[in-house]
Amino acid sequence: MRKKIVAGNWKMNMELAEGLKLAESVDTYFRSKPSKAEVVLCTPYIHLAGVSQILKDGKVCLGAQNCASEPSGAFTGEISPAMILSTGAGYVIIGHSERRSYYHEDNTILNRKTRLALSTGLKVIFCCGEVLGERESGKYFDVVKNQIENGLFNIPAEEMNSVVVAYEPVWAIGTGLTATPEQAQEMHQYIRGLFSEKYGKEIADNLTILYGGSCKPSNAAEIFSKPDVDGGLIGGAALKKDDFTAIVEAI
Ligand code: 13P
């Protein structure tokens, strides 16, 4: 059975002390109440080393939200996958729509980041998803296909067990507008089909595909009940311990 994952993406929120406090409360919760899903906290870079100490020997995993496309060197302000790994983090989010739109990260750069992160030993949560106009004009399958083919399909099959896909329709991110469970299922099934054509049924069946976009305690159970939805990538609701743990419980 493929792995279920619920990952919190804190985005650019939480000063250091606040973030450590939130991580501590989430960590304490899951130490006493193990979950059916793997729980991941994707924090800002500055929190990684501190949160890693808190999560040590516990049940919750740690990830970053981005990484450099180069392994080391004169790249002022960048953070390499090896640096992320050295904090104790095991995951990195790549290709979030906010990186694609505000920082102009295209498929070529995202593919470089993904290959480097995987070869360094990180697991990658690779994001894809269409904007509202693409949904309304019916182009959403083509958009997601293009992001996945160009972002991931030169990754060797042996590395695919370190890849998680997150479908995040951009029109649902931070808007309160959630994709219906049927819309999520339709796209997740389509994505799994793309992997099946490229890598075969076994790899596709083992691929964890997360839904992201205005996931909250009130809608998580219905979305997670769909057969191709294997968990969630949670933004706003991951900043509140009670909301985040309730979403994890919905698995
Ligand atoms: P929200 O849950 O705030 O809509 O954000 C989703 C997201 O972008 C997670 O990466």
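Predicted, not measured: the structure shown is a model, and the values here were computed from it.

Caption draft 1: Fine view of the packing of aromatic side chains. A full pass over the atoms with the stated rule returns seven aromatic pairs. Between the aromatic rings of Tyr102 and Tyr103, the centroid separation amounts to 6.5 Å while the plane-to-plane angle is 85°, which identifies the pairing as edge-to-face. Here Tyr102 and Tyr103 have matching classes, each one exposed. Ring geometry for Phe153 versus Tyr199: centroids 5.6 Å apart, planes at 85°, classification edge-to-face. Of this pair, Phe153 sits in the loop between helix H7 (140-152) and strand S6 (163-167) while Tyr199 sits in helix H8 (residues 181-199); the two residues are 46 residues apart in sequence, bridging distant segments of the chain. Of the two residues, Phe153 and Tyr199, neither departs from the other in class, the shared state being buried. In this structure an aromatic cluster arises from ring pairing among Tyr140, Phe141 and Tyr190.

Caption draft 2: Seen up close, the packing of helix H5 (residues 107-120) against H7. Orientation of H5 relative to H7, taken along the N-to-C sense of each, is 45°, at an axis distance of 8 Å. Classified by the angle their axes make, H5 and H7 are oblique. Note on packing geometry: the crossing formed by H5 with H7 is right-handed. The segment H5 lies against H7, with Asn107, Asn111 and Thr114 engaging Asn146, Gln147, Asn150, Gly151 and Leu152. The residue makeup of the contact of H5 with H7, split by class, is one nonpolar, seven polar and no charged.

Caption draft 3: Quick peek at the pattern of salt bridges. Scanning the model with the defined rule gives 16 salt bridges in all. Of the charged contacts, one joins Glu105 and Lys113 as a salt bridge, the two residues approaching to 2.9 Å between their closest N and O atoms. Summarising the burial analysis for this pair, Glu105 and Lys113 share the class buried.

Caption draft 4: Structural detail: the site of the ligand. Taken together, the neighbourhood of the ligand is formed by Asn9, Lys11, His96, Glu168, Ala172, Ile173, Gly174, Gly213, Ser214, Leu233, Gly235 and Gly236. With respect to the ligand, the side chain of Lys11 contributes an N or O atom lying 2.8 Å from an oxygen atom. Here an oxygen atom of the ligand and a backbone polar atom of Ser214 are 2.7 Å apart. Contact with the protein chains covers 95% of the free accessible surface of the ligand, which is 310 Å². The residue makeup of the shell around the ligand, split by class, is three nonpolar, seven polar and two charged.

Caption draft 5: Structural view of the state of the cysteines. Tallied over the entire structure, the rule returns zero disulfides. Cys215 carries a free sulfur, and the closest cysteine sulfur to it, the one in Cys127, is 13 Å from it. Taking relative accessible area as the criterion, Cys215 reaches 6% and is therefore assigned buried.

Caption draft 6: The arrangement of helix H1 (residues 16-32) in detail. A rise of 1.5 Å per residue sets the reference length of H1, with its 17 residues, at 24 Å; its end C-alpha atoms lie 25 Å apart and thus fit the reference within 8%. Those residues of H1 that fall on the buried side of the exposure criterion are Gly19, Leu22, Ala23, Val26, Asp27 and Phe30. In a view along the axis of H1, the buried residues occupy a sector of 130°, so they form one face of it. Of the exposed residues in H1, the ones pointing more than 90 degrees away from its buried face are Ala17, Lys21 and Ser32.

Caption draft 7: Region of the structure containing the sheet that holds S6. Ordered by their spatial adjacency, eight strands build a closed barrel running S1-S2-S3-S4-S5-S6-S7-S8, and the pairing between neighbours is parallel. Pairs of neighbouring strands in the sheet enclose a mean axial angle of 25°, with direction left out of account. In the sheet, strand S1 (residues 5-9) pairs with strand S2 (residues 38-42) via five bridges, with the strands oriented parallel. Looking at S2, one finds that Ile5 is bridged to Glu38. Running over the sheet, helix H2 (residues 48-55) touches S2 and strand S3 (60-64) and is turned about 170° from S3. Of the strands in this sheet, strand S5 (123-128), S6 and strand S7 (209-212) are in contact with H8, which crosses S7 at around 145°.

Procedures and definitions
- Residues numbered from 1 in each chain as written.
- Predicted model: local features only at pLDDT ≥ 70, side-chain atom pairs only at ≥ 80, totals over all residues.
- Heavy atoms only, no water.
- Phe/Tyr/Trp six-rings, centres within 6.5 Å; stacked < 30°, edge-to-face > 60°.
- Buried < 20%, exposed > 50% of the residue type's maximum accessible area, 1.4 Å probe, protein only.
- Helix = DSSP H or I, 4+ residues; strand = E, 2+ residues; numbered from the N terminus.
- Axes fitted to C-alpha atoms, helices over the stretch in contact; angles between N-to-C directions.
- Parallel < 35°, antiparallel > 145°, perpendicular 65-115°, else oblique.
- Left-handed = near helix turned anticlockwise from the far one by under 90°.
- Contact = heavy atoms within 4.5 Å.
- Nonpolar A, V, L, I, M, F, W, Y, C, P; charged D, E, K, R; others polar.
- Salt bridge = Lys/Arg side-chain N within 4 Å of Asp/Glu carboxyl O.
- Near = heavy atom within 4 Å.
- Polar contact = N/O pair within 3.5 Å; in protein donor to acceptor, adjacent residues only side chain to side chain.
- Areas by Shrake-Rupley, 256 points an atom, 1.4 Å probe, with all protein chains shown as cover.
- Disulfide = S-S within 2.5 Å.
- Expected span 1.5 Å × (residues − 1).
- Arc of directions from axis to C-beta.
- Pairing = 2+ DSSP bridges.

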